[in-house]
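Summary of the model geometry
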Number of protein chains: 2
Amino acid sequence: MGMSSALLTDHYELTMLQAALAGGAAHRRSVFEVFARHLPGGRRYGVVAGTGRVLDALAGFRFGDAELAYLRESRVVNDETLDFLASYRFSGDVHGYREGECYFPGSPIMVVEGTFAEAGLLETVILSILNHDSAIASAASRMVGAAGSRPIMEFGSRRTHEAAAVASARAAYLAGFSSTSNLMAGSVYGVPTAGTAAHAFTLLHDSEYDAFQAQIDSLGPDTTLLIDTYDVAKAVRTAVELAGPALGAVRIDSGDLAVAAHEVRQMLDSLGATDTRIVVTSDLDEYSIAALAAAPVDGYGVGTSVVTGSGVPTAAMVYKLVAREDADGVLQPVAKRSVGKPSRGGRKNAFRALEDGTAVVELITTSPDAPAPEGARPLLHALVRGGEIVGREPLDAARERHRASVAELPVPARQLSHGDPVIPTVFS
Amino acid sequence: MGMSSALLTDHYELTMLQAALAGGAAHRRSVFEVFARHLPGGRRYGVVAGTGRVLDALAGFRFGDAELAYLRESRVVNDETLDFLASYRFSGDVHGYREGECYFPGSPIMVVEGTFAEAGLLETVILSILNHDSAIASAASRMVGAAGSRPIMEFGSRRTHEAAAVASARAAYLAGFSSTSNLMAGSVYGVPTAGTAAHAFTLLHDSEYDAFQAQIDSLGPDTTLLIDTYDVAKAVRTAVELAGPALGAVRIDSGDLAVAAHEVRQMLDSLGATDTRIVVTSDLDEYSIAALAAAPVDGYGVGTSVVTGSGVPTAAMVYKLVAREDADGVLQPVAKRSVGKPSRGGRKNAFRALEDGTAVVELITTSPDAPAPEGARPLLHALVRGGEIVGREPLDAARERHRASVAELPVPARQLSHGDPVIPTVFS
């Protein structure tokens, strides 16, 4: 971070730029649109995430000496193109759904306007960020729904690329997770961090007793002790013996979690540790969280499934040219006609139509300057104006927006079963 | 890259460190082992990837002023622990499978030895890297096998986190992909970069004819033209009319690729463009690549499926304490007994037993100093000695090693169907 993001770009973006510069079309005003043809995995809604990171990447999209030297030496593009890149600055406009907003098939999640040369180059990095972060947030939001009022901690860093882990922690938090184990996410994005205890810590000591004693001595009785390294029942007795009823929490990481949670709750209560919380982990996903709703569980730790999008690690968003100037300088809608991959030409606008506060339709219009239909909430907001970033906001604003956006959806939005999007997308 | 990797770490690694420092066990000599209990998705072999990146992360694992300030302000750990972290240097040893080597369930892919304090902290970042890169390489290797002698280009950057994209390009290349679209991977790791043409480029122009003309004028007739924006047959005629028989390649990105490839081959041949290659893209994975074996295809571009591990985005590797000093300074094997998550205590060694040059058994011993059994290849090599990195190597060495390692496996290794690992793991 601080590094240039300019080489997070596909080779062909630069060779296409070279050809467009040479041919003269590079400076045609162009409109690119990010959208998804479908929601991942038969889900009921998607979650826009990564917008703030896109703005960071845009600010860092500069071809400096190192980037230009690489491109020159590897002969990716010619000198004319290198000269253009050396002074590259995005000077156009970006509108988009605000981060945390729900989206549906065809929602124009981000609209990037500028010359072809300026706007086309941003395709790869914008899609990388939105596809990753939205996939994570879309999965995380379902887990949050399944967990009800119980908090979920994000523990998946070790199961995904080390930088994707940081973005995943951010995306999960904005979707409603309570915290992350990832310290970089704490440092860079201010996500609250949390942790429990490790099997290695227990094994390091000559006995579980010694390990618990050392942990409680240093971290206080309000810590979370890990109780499944050897024998769960014995560990619970040792834990309460050492920490007393002030013991913060215990974690169970193996076995049948529902059965174990009931047993451990009973043991804790019988030992007087009625306020000690039970945290469960072990390959949890939205389905297993939902299955634990009736178990005496006070919090979840979720790892692999959230950082891998619970079966859908990427959000299938694309970045398509939908309009560009013609030879006369008039903006014309354009769309490819490839088999099975339809796209709709034209600069769009988008509204969420509501009835009695409940969302009913995702309304997409191709008359960008039409006013919002009555009772409809406009979804596209200015993020960049004339190259200047105007859409930054605190991560907690996106988190709160997501909470409100899901709350506004019809009740079936929270169904975990596969099905259709919970509201239809209507183009007009 | 250049940045500290120290905060790519789970919160509890530091609180466990604090408790171990206070309790006195932190300086016990410890052995941690990276292994996977199973291969992803019923595959026949896994591919070790990320080793070189682990060494980079290890070199950058330093708690500088910024990292310490964050930890102090957020009160993750106490002052004693911050003092320890300020002077943290890993001074232990790391042995591991060399990058590109195949692995099997239980293979001790990496063995990290040092004090608990020094070695335990590395868990998160080591697993993040190995789990991600090995998942990508394991999927990529199957695609390379399915493609036979035809080259595969990695085009998936836009479908994964922007930094994971760079690591994915690296992992796919070491598994045998010919190139990547990711320019950062070219710049940082020297992976050859390649690209074709974009629908947006065609749509930018007033006609496909104009677009092809501009591309050929600037990039030469040896370029790759994208022929499915409007009508494939018309595009092929236009392409050959403009570029002549010297046209490098055409790309097909939609429709039934086998049918389209046959039709396009016939058209190209009938127009005299018999040397013009056909590149296909469009949600390809190892299965669809295999299904195209009989089609006249000269190369593949693979995106989503390779960067998401073709259904298995993480390799399920864990980092377990397998031995540590007891109170008398004697190294003792340790293992947890959690239900359904067995691990084997003790420092391991590993060999691949061969018969007539073909691998027959993955042999894991717990007598680390025993000599290699006859006809067996030792798999653990020194990567770090006394804190000094000794295991760096060029990426092409890992690529060549992978080629040789797969070639050594029994023929069924290349089967795409689900099944058992192609050789058994034997513990002795």
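Just so it is clear, the model here is predicted, and its values are computed rather than measured. (Residues numbered from 1 in each chain as written. Chains lettered and ligands numbered in written order. Predicted model: local features only at pLDDT ≥ 70, side-chain atom pairs only at ≥ 80, totals over all residues. Heavy atoms only, no water.)

1. Some details on the sheet that holds strand S12 (residues 317-325) of chain A
Residue and element names in this part refer to chain A. To keep things clear, this is the line we draw: In short, DSSP must find at least two bridges between two strands for them to pair. Per the convention used, a helix needs a DSSP run of H or I reaching at least four residues, while a strand needs a run of E reaching at least two, with both numbered from the N terminus. In this analysis, two residues are considered to be in contact whenever any of their non-hydrogen atoms come within 4.5 Å of each other. For helices, the fitted axis covers only the stretch in contact; all axes are lines through C-alpha atoms, and the angles between them, taken along N-to-C directions, range from 0 to 180 degrees.
Here seven strands make up an open sheet; going across it, the order is S13-S12-S1-S5-S3-S17-S18 and the pairing antiparallel. Only two strands of the sheet have a single neighbouring strand rather than two, namely strand S13 (331-333) and strand S18 (388-389). Docked against the sheet, helix H2 (residues 51-59) engages strand S3 (93-96), strand S5 (110-115), strand S17 (381-385) and S18, running at close to 15 degrees with respect to S17. Here helix H6 (residues 123-147) sits on the sheet in contact with strand S1 (29-36), S5 and S12, set at roughly 140 degrees to S12.

2. Notes on the interface of chain B and chain A
Which entries qualify depends on this criterion: What counts as buried area is the accessible surface, traced by a 1.4 Å probe, that two parts surrender upon association, with contributions from both included. Whenever a carboxyl oxygen of Asp or Glu lies within 4 Å of a side-chain nitrogen of Lys or Arg, that contact is scored as a salt bridge.
With 95 residues of chain B at the interface, the matching set in chain A holds 95 residues. Both sides together, the interface formed by chain B and chain A hides about 7700 Å², and carbon and sulfur atoms give 61% of it. Ranking the residues of chain B by area buried against chain A places Arg158, Leu183 and Leu204 of chain B at the top, with a combined share of 11%. Linking chain B with chain A are 12 salt bridges, by the criterion used here.

3. Thoughts on the side chain of Lys320 of chain B
Just so we agree on the cut-off: Any residue under 20% of the maximum accessible area for its type is buried, any over 50% is exposed, and the rest in between are partly exposed; the area is computed with a 1.4 Å probe on protein chains only. For the purpose of charge, His is not counted, nor are the chain termini; Lys and Arg are scored as positive and Asp and Glu as negative.
On the secondary structure map, Lys320 of chain B appears in strand S12 (residues 317-325). We note that Lys320 of chain B is buried and unpaired, the nearest opposite charge coming from Glu123 of chain B at a distance of 5.5 Å. Setting aside its immediate chain neighbours within four residues, Lys320 of chain B contacts His199 of chain A together with Val31, Phe32, Glu33, Phe35, Arg37 and Lys336 of chain B.

4. Section: the relation of the copies chain B and chain A
Quick reminder of the rule: For this overlay, a least-squares fit was computed on C-alpha atoms, restricted to residues scoring pLDDT of at least 70 in both copies.
In the superposition of chain B on chain A (RMSD 0.0 Å, axial shift 0.0 Å), the rotation amounts to 180 degrees. Seen this way, the second copy is the image of the first under a two-fold rotation axis.

5. Some details on the domain arrangement of chain A
Just so we agree on the cut-off: Marked domain ranges trace back to an automatic or database domain assignment.
Domain boundaries in chain A define domain 1 (11-131 + 312-427) and domain 2 (197-280). Computed from C-alpha atoms alone, the centre-to-centre distance between domain 1 of chain A and domain 2 of chain A is 48 Å.

6. Considerations on unusual backbone geometry
Residue and element names in this part refer to chain B. Backbone geometry places Asp283, a non-glycine residue, at a positive phi of 50 degrees. Structurally, Asp283 can be placed in the loop between strand S10 (277-280) and helix H13 (286-291). For Asp283, a relative accessible area of 66% corresponds to the exposed category. For Ser310, which is not glycine, the phi torsion reads 45 degrees and is therefore positive. Tracing the chain through its elements places Ser310 in the loop between helix H14 (304-307) and S12.

7. Re the pairing of strand S3 (residues 93-96) of chain B
The two faces of a sheet get side chains in turn, since along a regular strand they alternate between them. Residue and element names in this part refer to chain B. Inspection of the sheet shows S3 paired to strand S5 (residues 110-115) by four bridges, in the antiparallel sense. Paired with Gly96 across the bridge in S5 is Met110. Taken together, the three bridges between S3 and strand S17 (residues 381-385) define a ladder with antiparallel strand orientation. Within S17, the position partnered with Val94 by the bridge is Val384.

8. Remarks on the sheet that holds strand S15 (residues 358-365) of chain B
Residue and element names in this part refer to chain B. If you trace the four strands from one edge of the open sheet to the other, you get S16-S14-S15-S19, paired in mixed fashion. The sheet is open, and its two edges are formed by strand S16 (376-378) and strand S19 (425-427), each paired on a single side. Neighbour-to-neighbour, the strand axes of this sheet turn through a mean angle of 30 degrees, independent of strand direction. In terms of strand pairing, strand S14 (residues 349-355) meets S16 through three bridges, oriented antiparallel. Looking across to S16, one finds that Ala353 is bridged to Ala376.

9. Focus on the side chain of Thr202 of chain B
Residues and elements named next belong to chain B. Looking at the secondary structure, you find Thr202 in helix H9 (residues 199-204). Taking the relative accessible area as the measure of exposure, Thr202 reaches 2% and is therefore buried. When residues no more than four places from it in sequence are discounted, the contact partners of Thr202 are Ser207, Glu208, Ala211, Phe212, Thr229 and Tyr230.

10. A look at the environment of Val250 of chain B
Residues and elements named next belong to chain B. One can find Val250 in strand S9 (residues 249-252). Sequence spacing of Val250 and Ser138 is 112 residues, and the spatial spacing of their C-alpha atoms is 29 Å. Discounting chain neighbours no more than four positions away, the residues touching Val250 are Thr224, Leu225, Ile227, Val264, Leu268, Thr276, Arg277, Ile278 and Val279.

11. Notes on helix H11 (residues 232-243) of chain A
Residues and elements named next belong to chain A. Cut-off, in case you're wondering: Any helix carries an expected span of 1.5 Å times its number of residues minus one. A 3.5 Å cut-off defines polar contacts: any pair of N or O atoms within that distance qualifies, except that in protein one atom must be a possible hydrogen donor and the other a possible acceptor, and neighbouring residues in sequence count only when both atoms are side-chain atoms.
Between its terminal C-alpha atoms H11 stretches 16 Å, which fits the 16 Å expected from 12 residues at 1.5 Å a residue. When we look at burial in H11, the residues that qualify are Ala235, Val236, Thr238, Ala239, Val240, Leu242 and Ala243. For H11, the elements touching its buried residues are helix H10 (208-219), strand S8 (224-226) and helix H12 (257-270). Residue Asp231 occupies the N-cap position of H11, its side-chain oxygen lying 3.4 Å from the main-chain nitrogen of Ala233. Taken from the residues just after H11, Gly244 is the one with a positive phi, measuring 75 degrees.

12. Description of the packing of aromatic side chains
Going by this rule: Stacked, edge-to-face and tilted labels apply to pairs of Phe, Tyr and Trp rings (six-membered ring for Trp) whose centres lie within 6.5 Å, assigned for plane angles under 30 degrees, over 60, and everything in between, in that order. We call a charge positioned above a ring when the Lys NZ or Arg CZ atom is no farther than 6 Å from the ring centre and deviates by at most 35 degrees from the ring normal.
Under the counting rule described, the total for this entry stands at 12 aromatic pairs over all chains. Plain terms: the ring middles of Phe32 of chain B and Tyr319 of chain B are 4.9 Å apart, the flat faces sit at 20 degrees to each other, and that makes the pair stacked. Remark: Tyr319 of chain B occurs in strand S12 and Phe32 of chain B occurs in strand S1 (residues 29-36); sequence separation between them is 287 residues. Of the two residues, Phe32 of chain B and Tyr319 of chain B, both sit in the buried class. The interplanar angle of 85 degrees and the centroid separation of 5.7 Å between the aromatic rings of Phe61 of chain B and Phe63 of chain B together place this pair among those described as edge-to-face. Residues Phe61 of chain B and Phe63 of chain B agree in their burial class; the two are buried. Taken together through their ring pairs, the aromatic side chains of Phe61, Phe63, Phe84 and Tyr88 of chain A make up a single cluster. Here the guanidinium or amino end of Arg399 of chain A rests over the ring plane of Tyr173 of chain A, the centre of that ring lying 4.1 Å away.

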